[in-house]
Amino acid sequence: MDTTLREGFFHSFDGTRIYYNDAGSGLPPLVCCDGIACDQYAWKYLHGWFAPRYRVVRWNYRGHGKSDAPVDFARLQIGDLAEDLRGLLDELRIDRAVLLGHSMGTQVILEFHHRHPDRVAALVPVCGCFEHPLRSSYNSDILERFLPVLSRAYENHQRLFWQIWHNLLPTRWGFWVSVLLEVNHALVKVDDFMPYLEHVADMDIGLFLTMLRYANEHSARSYLKDIRVPTLIFAGDKDRLTPIAVQKRMHNLIPGSALQVLPQGTHTSPIEHPDLICLRLEKFLREVVEPRLAAERKASRRRRARARGPAAEGAP
């Protein structure tokens, strides 16, 4: 199968230009949704694994990577990202897709399913939270309480923040701070994680803080019970940003969902446990998602045949 990378842009509902790339052509399409401040680094191994058999789509949120920032920062809410995702599927003429969401991407795919359930073939949350992520990080609400303080400090000292942000994050110092706070150094390759730090360092700090606030205001709790598509949750048992207890709670709230625990996995599990994630996801696609889609297509053909039957019988 041709795995040549195809790239493009489209204009979303408010005119914001959104970047995407895709490769492969197999069904069902896999659409990857990043975490906040991420530029596709989490999907490196998954893309290489699945593109030879499936169509794999990646994209940049507004204000991330090659996508433009919105004119109005009020358009950085989870609902806006979900509508960007709808625009992406429309642009690529994808009727239904398997949606993968890493970190904040979990909120995006859950919100998208709530708004457009007929466009979703399956959900795959990865190290993600279903509501108010800053209230549970590190098993406390310390980040939620600290965010307003950080935002005010940025407003008063923007130049200083930018110098620190831009010069220190994309360095080995930034990597070792990440190891101290979250990343499992024994499982992560430095070269796999540095693209994340480099992307964060180039981001608009005000946009990042605004989006973080909106993400923390979002909750999908009330409609998890309505999910009826196959759902596979990946959870790192050492993830402190999204503790495994939160992901187990999501698993219990989504009917029929499956939970795959990643041993010693942290919030960067997609690059810590790529083989385990890819093998488990492949099993999920082949044994659960594809048979379900095939059965739905067969049932649809039968309904169309029955609808034609009486008319055909009554024809002269």
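Quick notes on the rules
- Residues numbered from 1 in each chain as written.
- Predicted model: local features only at pLDDT ≥ 70, side-chain atom pairs only at ≥ 80, totals over all residues.
- Heavy atoms only, no water.
- Phe/Tyr/Trp six-rings, centres within 6.5 Å; stacked < 30°, edge-to-face > 60°.
- Helix = DSSP H or I, 4+ residues; strand = E, 2+ residues; numbered from the N terminus.
- Buried < 20%, exposed > 50% of the residue type's maximum accessible area, 1.4 Å probe, protein only.
- Lys NZ or Arg CZ within 6 Å of the ring centre and 35° of its normal.
- Salt bridge = Lys/Arg side-chain N within 4 Å of Asp/Glu carboxyl O.
- Pairing = 2+ DSSP bridges.
- Right-handed = clockwise from strand over helix to strand, strands pointing away.
- Expected span 1.5 Å × (residues − 1).

Draft legend 1. Looking closely at the packing of aromatic side chains. All chains considered together, the criterion is met by 8 aromatic pairs. With centroids separated by 5.3 Å and ring planes inclined at 40°, the aromatic side chains of tyrosine 41 and tyrosine 196 adopt a geometry described as tilted. Taken as a pair, tyrosine 41 in the loop between strand S3 (30-33) and helix H1 (44-50) and tyrosine 196 in helix H7 (residues 190-202) lie far apart in primary sequence, 155 residues in all. The exposure class assigned to tyrosine 41 is buried, which follows from its relative accessible area of 8%. Between the aromatic rings of tryptophan 59 and tyrosine 61, the centroid separation amounts to 5.0 Å while the plane-to-plane angle is 85°, which identifies the pairing as edge-to-face. Tyrosine 61 shares its class with tryptophan 59; the two are buried. Taken together, Tyr41, Phe193 and Tyr196 form an aromatic cluster joined through their ring pairs. The positively charged end of arginine 17 is found above the aromatic ring belonging to phenylalanine 9, 3.9 Å away from the centroid.

Draft legend 2. Quick peek at the pattern of salt bridges. For the structure on display, the rule yields 23 salt bridges. Between lysine 66 and glutamate 7 there is a salt bridge; the shortest N-O distance is 3.2 Å. On the criterion of sequence distance, the pair formed by lysine 66 in the loop between strand S4 (56-59) and helix H2 (78-91) and glutamate 7 in strand S1 (residues 6-11) is long-range, its members being 59 residues apart. Residue classification places glutamate 7 among the partly exposed residues on the basis of a relative accessible area of 48%. For arginine 17, the salt bridge identified is with aspartate 68, shortest N-O distance 3.6 Å. With arginine 17 in strand S2 (residues 17-23) and aspartate 68 in the loop between S4 and H2, this residue pair connects regions lying 51 residues apart in the sequence. A residue is classified by how much of its surface remains accessible, and arginine 17, at 30% relative accessible area, is partly exposed. On the basis of relative accessibility, which here comes to 33%, the residue aspartate 68 falls in the partly exposed class.

Draft legend 3. Here's a closer look at the pairing of strand S6 (residues 120-126). With 7 of its 7 residues buried, S6 lies for the most part within the structure. In this sheet, S6 lies alongside strand S5 (residues 97-102) in parallel orientation, the contact comprising 6 bridges. Within S6, the residue paired with valine 98 across the bridge is alanine 122. After leaving S5, the chain enters helix H3 (residues 104-115) and then returns to the sheet as S6, a path that is right-handed.

Draft legend 4. Layout of H7. The terminal C-alpha atoms of H7 lie 19 Å apart, and with 13 residues this matches the ideal 18 Å at 1.5 Å per residue to within 8%. Listed as buried for H7 are Val190, Asp192, Phe193, Met194, Leu197, His199, Val200 and Ala201.

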